[in-house]
Amino acid sequence: MTPNPILALALFFAGVTLLYLGWKYRLWSRIFHNSERDRKTAMEDVLKQLYHVEYSGRKATLNAMAGALKLSDRKLVSLIEDMSGLNLIRAQADTISLTRAGKDYALHIIRVHRLWEKYLSERTGIDKSEWHNRAERMEHTMTSEEAEELYHELGSPRFDPHGDPIPLKTGEIIESNAIPLSGIRENALVRIVHIEDEPEAIYEQIIGKKLHMGQQLKVTNIDDHHVRFFSEGQTYELSSIVASNIGVRKLSEEEVFESGKVRLSSLRQGEKGQVIGISSECRGANRRRLLDLGFIKGTSIETGLEGPMKEPKAYLIRNTLIALRNDQADLILIEKTT
């Protein structure tokens, strides 16, 4: 039987048309779902920002929220209208506030964010400068059930690696007792219990100074513009704006300020010391590695070889030379003996 060329051509074009329509459907479906996901993310960002504003005792205005979230007034108004319809927020004149349902939703987002930062700090070697942005992405995808599983897997932590309290599944949250470093009197002995990771520019300055959670400080001078303090063998100076993003609490009567404690990186050629411990900033696999290498409290240590650029340095510990970069040696706290 001779094939009908017209029928074959018609079938060919029909197949091409179906493939095209299928491709177009998938494309528009993807665009639609991406658009819906982006809108959900934007709504959750609004809820989280509103919670932080209300938690700090301020009122949220349309202009302030649009600026903080980098949204146009038009888009923010559209989101507010949708969220009001879902009974997540109340909008009165120029003021926006959370409903009970909105607050619960915001606390879920915050819980996921802080749990994920805790996970990144404890279970991975990812640099602290990346924790916040990675948690920002994860907070929009994890369910309440998954967050509860992670919470138990991490040992039911109360605080994230920056010292922020992690809300419970029920919405309860611990009140912070931190005092801004900029508000501490001179000669006070304090410990860092909170480091704010926003705005990013200020956070980068703090971690650039290698300040960390649990670090003891002695405030030596404070004025309207700067805060100066001594810690771990070094003298620091921060602007008041940067210092206000560091939360501290005064040492209790039982706590002793370890004035002789310095970082291993400060040990010079020919000097010796004794390991006091590993900084609380060092977590997870990195901490276990240093312990396995012998950096245990009470162990004697001295400098060995030094690279041409003064990094890495080799340290003699238990008759073994171990090479460390300066950022690794910063995590080991010692007391010099000679």
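Note that the structure is a prediction, hence the values are computed from the model and not measured.

Turning next to the sheet that holds strand β3 (residues 95–98). Here we have three strands laid out as an open sheet, ordered β1-β3-β2, and antiparallel in their pairing. Edge strands, defined here as strands with exactly one partner in the open sheet, are β1 (60–61) and β2 (89–92). Direction of pairing for β1 relative to β3: antiparallel, over a ladder of two bridges. Bridge pairing in β3 places T61 opposite T95. Across the sheet, helix α3 (residues 73–85) lies against β2 and β3, angled at about 120° from β2, the strand it touches most.

Turning next to the pairing of strand β5 (residues 189–195). Burial runs high along β5: six of the seven residues are buried. With three bridges joining them, β5 and strand β6 (residues 216–222) adopt antiparallel strand pairing. Counterpart to R191 in the pairing with β6 is Q216.

Turning to the pairing of β3, a few remarks are in order. Judged by which residues are buried, β3 turns out to be one-sided: I96 and L98 face inward and are buried, whereas T95 and S97, on the alternate face, are not. Inspection of the sheet shows β2 paired to β3 by four bridges, in the antiparallel sense. Along β3, the bridge assignment pairs Q92 with T95. The loop that links β2 with its antiparallel partner β3 comprises two residues; one of these, A93, has a positive phi angle of about 55°.

On to the confidence of the model for the protein, then. When pLDDT is averaged across the protein, the result is 86; 88% of the residues are at 70 or more. Of all secondary-structure elements in the protein, the lowest mean pLDDT belongs to helix α1 (residues 5–55), at 68, while strand β9 (residues 246–250) reaches the highest, 96. Confidence over residues 27–34 falls short of pLDDT 50; this stretch has zero contacts with residues more than four positions distant or in other chains.

Okay, the packing of helix α2 (residues 62–69) against α3 next. For the pair α2 and α3, interaxial distance at closest approach is 10 Å and the crossing angle is 110°. On the basis of their axis angle, the class for α2 and α3 is roughly perpendicular. The segment α2 lies against α3, with L62, N63, M65 and A66 engaging D73, L76, V77 and I80.

Turning our eyes to something else, we now look at the environment of R325. Note on placement: R325 falls in the loop between β14 (320–324) and α10 (326–329). The exposure class of R325 is partly exposed, given its relative accessible area of 42%. Between the C-alpha atoms of R325 and S265, which are 60 residues apart in sequence, the distance is 8.5 Å. When residues no more than four places from it in sequence are discounted, the contact partners of R325 are E311 and P312.

Right, let's get into the packing of helix α4 (residues 100–123) against helix α5 (residues 128–138). Between α4 and α5, the least distance of the axes is 8 Å, while the angle of their chain directions is 135°. Relative to α5, α4 is oriented oblique. The two elements α4 and α5 cross, and the hand of that crossing is right-handed. Residues V112, H113, W116, E117, L120 and S121 of α4 pack against W131, H132, R134, A135, E136 and M138 of α5. Grouping the constituent residues of the contact of α4 with α5 by class yields six nonpolar, three polar and three charged.

What counts and what doesn't
Residues numbered from 1 in each chain as written. Predicted model: local features only at pLDDT ≥ 70, side-chain atom pairs only at ≥ 80, totals over all residues. Heavy atoms only, no water. Pairing = 2+ DSSP bridges. Helix = DSSP H or I, 4+ residues; strand = E, 2+ residues; numbered from the N terminus. Contact = heavy atoms within 4.5 Å. Axes fitted to C-alpha atoms, helices over the stretch in contact; angles between N-to-C directions. Buried < 20%, exposed > 50% of the residue type's maximum accessible area, 1.4 Å probe, protein only. pLDDT = per-residue confidence, 0-100. Parallel < 35°, antiparallel > 145°, perpendicular 65-115°, else oblique. Left-handed = near helix turned anticlockwise from the far one by under 90°. Nonpolar A, V, L, I, M, F, W, Y, C, P; charged D, E, K, R; others polar.

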